Amino acid sequence: MTAKITGLALLSIGLFSQANAAFDVRISVVNDAAVDGLYFTPLWTGFHSGNFDLFDPGSTASAGLEELAEEGMAVTLNTEFGTGSGRLSNSLASDSGIGPGLFDPGRSASFDITLDESANRYLSFASMLLPSNDAFFGNGNPTAYELFDAMGNFNGPFSITILGQNIWDAGSEVNDTLGAPFSMIPGDSTDENVGVSLHPGLDDFVGTALGNNDILGTAFTNLTPIATINISAVPEPSSFAAIAGVLALGWTAFGRRRFLS
């Protein structure tokens, strides 16, 4: 009898350990700007153990961050991020018809990803603000957003609110509006090589035509809503529920046999 109890207990521990070896997380984002407000590019996300530093205020932007802040692309950034130590990255694009996955005001999207509670403990993110020469939002502190605690417990659900006061200037291109992505203002901006800093504002773009022939009506002040990023657990998968059901039936059957014997 004891052997049966031990065997069933070990089986249940093994099944539950296997089911809990990874954790499914849902990342969603919405553009909170006013109807005539700013757009942003697909949201780049990186999941790591706390040792990936996207940027440091005052320091020169990496080639990957420069590319993202100037062009909205994450090709070089993904190379810099790499895949070591179980690192995972993904880009969240909307289904907007405005451009290649751009988030226009009010647009939202989400994706699910399976994370390792240790290797993917922290979240880094970045997105280019449009129209701009090199404005972006993202987190420079690698451990600012802890998805799992030291014991592997999920810290969500929680939300990250991006306001105008959270917009950064990559310092890689002069803020002269010339040739800025999604803006119809022609020309070529001048490169610069200064450190990342908080952005002084995008009022120079207000009243200009955008790539979809709309007119930008508002940019941002410190408290202007820009975006909200939500992090939550994916609902329990049916396979896990099935495992739990099998175990429950097993324990019930065992109890009946015990009390009938």
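So, a few notes on the structure that sits alongside this text. The numbers attached to residues start from 1 for each chain and follow its sequence in the written order. A pLDDT threshold of at least 70 governs which residues receive local features in this predicted model, and a stricter bar of 80 or more applies before side-chain atom pairs are shown or counted, although totals over entire chains, interfaces and linings include all residues. Heavy atoms throughout the structure, all of them, feed into the side-chain values; hydrogens and water do not.

### Regarding the overall build of the chain
Right, on to step 1. Numbered from the N terminus, helices here are DSSP runs of H or I no shorter than four residues, and strands are runs of E no shorter than two. The secondary structure content of the chain amounts to 4 helices and 11 strands.
Right, on to step 2. Using a 1.4 Å probe on the protein chains alone, a residue whose accessible area is under 20% of its type maximum counts as buried, one over 50% counts as exposed, and one in between counts as partly exposed. Expressed as a percentage of its 261 residues, the buried residues of the chain come to 42%.

### Details of the side chain of H199
Right, on to step 1. Note that H199 resides in the loop between β10 (197-198) and β11 (225-233).
Right, on to step 2. What qualifies as a polar contact is a pair of N or O atoms within 3.5 Å, subject to a donor-acceptor requirement within protein and to the restriction that residues adjacent in sequence count only when both atoms come from side chains. Engagement of the side chain of H199 in a polar contact is seen with the backbone nitrogen of G201, the distance being 3.0 Å.
Right, on to step 3. We call two residues in contact when some of their heavy atoms are within 4.5 Å. Not counting residues up to four positions away in its chain, the partners in contact with H199 are A135, I167, W168, D169, N175 and F220.

### Some remarks on the packing of aromatic side chains
Each pair of aromatic rings is reported with the distance of its centres and the angle of its planes.
Right, on to step 1. Note on aromatic contacts: the rings of Phe and Tyr and the six-membered ring of Trp form a pair at centre separations within 6.5 Å, being stacked when their planes are under 30 degrees apart, edge-to-face when over 60 apart, and tilted otherwise. Across all of its chains, the model carries 13 aromatic pairs by this definition.
Right, on to step 2. An angle of 55° between the planes, with centres 5.9 Å apart, marks the rings of W44 and F52 as tilted. As far as burial versus exposure is concerned, W44 and F52 are alike and both buried.
Right, on to step 3. Here a set of aromatic residues connected by ring pairs shows up, and it is made of F40, F103, F125, F137 and Y145.
Right, on to step 4. Over the aromatic face of F81 sits the side chain of R87, whose NZ or CZ is 5.2 Å from the ring centroid. A positively charged side chain is recorded as over a ring if its NZ (Lys) or CZ (Arg) lies within 6 Å of the ring centre. The angle to the ring normal must also be within 35 degrees.

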